[in-house]
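Notes for the structure review
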Amino acid sequence: MEYLALFYTTFGSIKFKKQLLKMDMEVEVLPVPRMLSSGCGVAVKFFSDEDVSSLLDETVEKLYSKNHDEYFLISESK
Amino acid sequence: MKRIYLDNAATSFPKAPNVGHAIYAYLTNIGSNINRGAYQEAMEAEETVFDTRELLAELFSCSNSENIVFTKNITESLNLLIKGLFKPGDHVLTTSMEHNAVLRPLNHLKAKYSGSLDISILPCNQYGELPRAEALETLLTSYLTPHSKAVIMTHASNVCGTILPVDEVSSFCHRHGLFFIIDTAQTAGTHNYDFGKLDADAIAFTGHKGLLGPQGIGGVVLSTKLSSILEPLVTGGTGSSSEADFQPVHMPDRFEAGTLNLPGIYGLNSSLNYLKKLNIRTIMDKELSLTKYFLELIADINGVELIGSASTTYRTAVVSLNFIGMDNASLSYKLATAFGITNRCGLHCAPLAHKTLGTFPQGTVRFSFSHFNTQDEVEYTVKSIKQCLLEENKH
């Protein structure tokens, strides 16, 4: 499954990226697609077939899954 | 004439070996801003800023590196803390060994609040020391009021090198619900100290002294508790939450409006890696060994008065001298011009500390060593001081 994580700050996106790299996951940092919006302008794309909830912390503003070019909001920080 | 640099308390020289190269490489090959783009060079700069926060978090034992906020220097860090925390009616405790970087912002804020900021000065003795153990507890308790909000104090005097009992004061603060704020201008990078045990609410630091980085970069390590109530000193663009009318609440953006000093951060990153590799314990041992040697050699010279403690316990590599019956300024100038010994004469931006030490208003001549100095340089300095005194006595 493809995911896209959005963040409040760029600090959060780099922290998240490094955390995933440590877990040998494939990640890509890219601009937030215009159809979505978040506090910070960069997003982290990654793939996982596991439960991803344990990856999330307070720096992740929103998490989307992507299917057939459509984004589905699956988690949003309050 | 060879230059012997003994003004490391003002700013360190030389810097860590690769600092200049790191700054040059950033300006030449990267040059991009952070928080404002997702292209490769911008992300590379992001990574370096992130890594620098991580290195600082490790140095100051901070578990959340987003709580490391960059400023231009420790004076700005202290202004952020003082002006962002205290409200009219609050009471703050500080010490009689503080630098103007603490005292002036406090005094300005008090004036702004029409006097409605109660500032208590904890008195240090003629060696710049605060009492320890029970005597310290009694002293601190005697100043406590229902409005006491924080203790803000230096870790070590920039005039005479005396290290203050910050761990005991921090413990008192935690037991009495006060914030504890420490100024590490004279200890970060040179004093092997476990900041994790201190559990301070704010550790203000500068990059250009013991951290061996360039001028123009400093910062503060905030506790999550303090960061949640502290008002930003500077507001503006952060590259995040741009649609909001007000500053974002998220760290570190909340306190980092405007473009950061990225060349400075690249330089600091390089110097922090140097310190990590070399080990601060090694630096401290070398500096204190040079200081001990200097103290031993000057003890035998007539007409030289040591200001502060003669011991190397609870001290940094900063030594202040008074030349009895002489103009300190002219001796300081002669050491610099005739012997190439870079030193600093005067009040060192710490008039209250000099009043405490009994050296106000004439000030002292300050020598501050780094681990790059050598025993030969210490010997040459002492020999030069003796030569100056000899020539002065002839006149």
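For the structure itself, consult the block above.
The paragraphs below set out a description of the structure included in this document. (Residues numbered from 1 in each chain as written. Chains lettered and ligands numbered in written order. Predicted model: local features only at pLDDT ≥ 70, side-chain atom pairs only at ≥ 80, totals over all residues. Heavy atoms only, no water.)

1. Let's talk about the interface of chain B and chain A
Note the cut-off: Residue contacts are defined here by distance: any two heavy atoms, one from each residue, within 4.5 Å place the two residues in contact. Here the quantity called buried area is the total loss of accessible area, with a 1.4 Å probe, experienced by two parts when brought into contact, counted for both. One side-chain nitrogen of Lys or Arg within 4 Å of one carboxyl oxygen of Asp or Glu is enough to make a salt bridge. Here a polar contact means two N or O atoms within 3.5 Å. Within protein one must be a hydrogen donor candidate and the other an acceptor candidate, and residues neighboring in sequence count only if both atoms are side-chain atoms. For this classification, the nonpolar set comprises Ala, Val, Leu, Ile, Met, Phe, Trp, Tyr, Cys and Pro, the charged set comprises Asp, Glu, Lys and Arg, and every other residue, Gly included, is treated as polar.
Counting residues at the interface gives 18 residues for chain B, matched by 17 residues for chain A. Here chain B packs against chain A, burying approximately 1400 Å² in sum over the two surfaces, 63% of which is carbon and sulfur. Seen at the junction of chain B and chain A, the total is four salt bridges. Note that lysine 18 of chain A is salt-bridged to glutamate 47 of chain B, the shortest N-O span being 3.0 Å. Where chain B touches chain A, the interface holds four residue pairs in polar contact (both at pLDDT 80 or more). Tallied by class, the residues present in the side of chain B that touches chain A amount to five nonpolar, seven polar and six charged.

2. Some thoughts on the packing of aromatic side chains
We describe a pair of aromatic rings using the distance from one ring centre to the other and the angle between the two ring planes. Spelled out, the test is: Ring pairs shown here join Phe, Tyr and Trp side chains whose ring centres sit within 6.5 Å, with only the six-membered ring taken for Trp; geometry is labelled stacked below 30 degrees between planes, edge-to-face above 60, and tilted in between. Burial classes: relative accessible area under 20% of the type maximum marks a residue as buried, over 50% as exposed, and values in between as partly exposed (1.4 Å probe, protein chains only). Each helix corresponds to a stretch of at least 4 residues labelled H or I by DSSP, and each strand to a stretch of at least 2 residues labelled E; elements are numbered beginning at the N terminus. Over a ring means this: the NZ of a Lys or the CZ of an Arg is within 6 Å of the ring centre and within 35 degrees of the ring normal.
If you walk through the whole model with that rule in mind, you get 13 aromatic pairs over all chains. A centroid spacing of 5.6 Å and a plane angle of 65 degrees characterise the contact between tyrosine 5 of chain B and phenylalanine 13 of chain B, whose relative ring orientation is edge-to-face. Relative accessible area serves as the criterion here: at 10%, tyrosine 5 of chain B is assigned to the buried category. Taking relative accessible area as the criterion, phenylalanine 13 of chain B reaches 39% and is therefore assigned partly exposed. On the numbers, 5.3 Å between centres and 55 degrees between planes, the contact of phenylalanine 294 of chain B with phenylalanine 367 of chain B is tilted. One end of the pair, phenylalanine 294 of chain B, is in helix H10 (residues 280-298); the other, phenylalanine 367 of chain B, is in strand S13 (residues 364-368), with 73 residues separating them in the sequence. Phenylalanine 367 of chain B carries the same exposure label as phenylalanine 294 of chain B, and that label is buried. Chaining the aromatic ring pairs together yields one cluster made of Tyr3, Phe7, Phe16 and Phe46 of chain A. When the ring centre of phenylalanine 13 of chain B is taken as reference, the NZ or CZ atom of arginine 3 of chain B above it lies at 4.7 Å. Sitting above the plane of the phenylalanine 360 of chain B ring, lysine 355 of chain B keeps its charged end 4.6 Å from the centroid.

3. Points about the sheet that holds strand S4 (residues 60-67) of chain A
Residues and elements named next belong to chain A. Just so we agree on the cut-off: Here the rule is simple: two strands pair whenever DSSP picks up at least two bridges between them. Note on method: axes are straight lines fitted to C-alpha atoms, helices fitted across the in-contact stretch only, with angles between N-to-C directions ranging 0 to 180 degrees.
Taken in spatial order, the five strands line up as S2-S3-S1-S4-S5 in an open sheet, and their pairing is antiparallel. The open sheet has two edge strands with one neighbour each: strand S2 (27-31) and strand S5 (70-76). Adjacent strand axes in the sheet meet at a mean angle of 30 degrees when their direction is disregarded. Relative to S5, S4 is paired through six bridges, and the arrangement is antiparallel.

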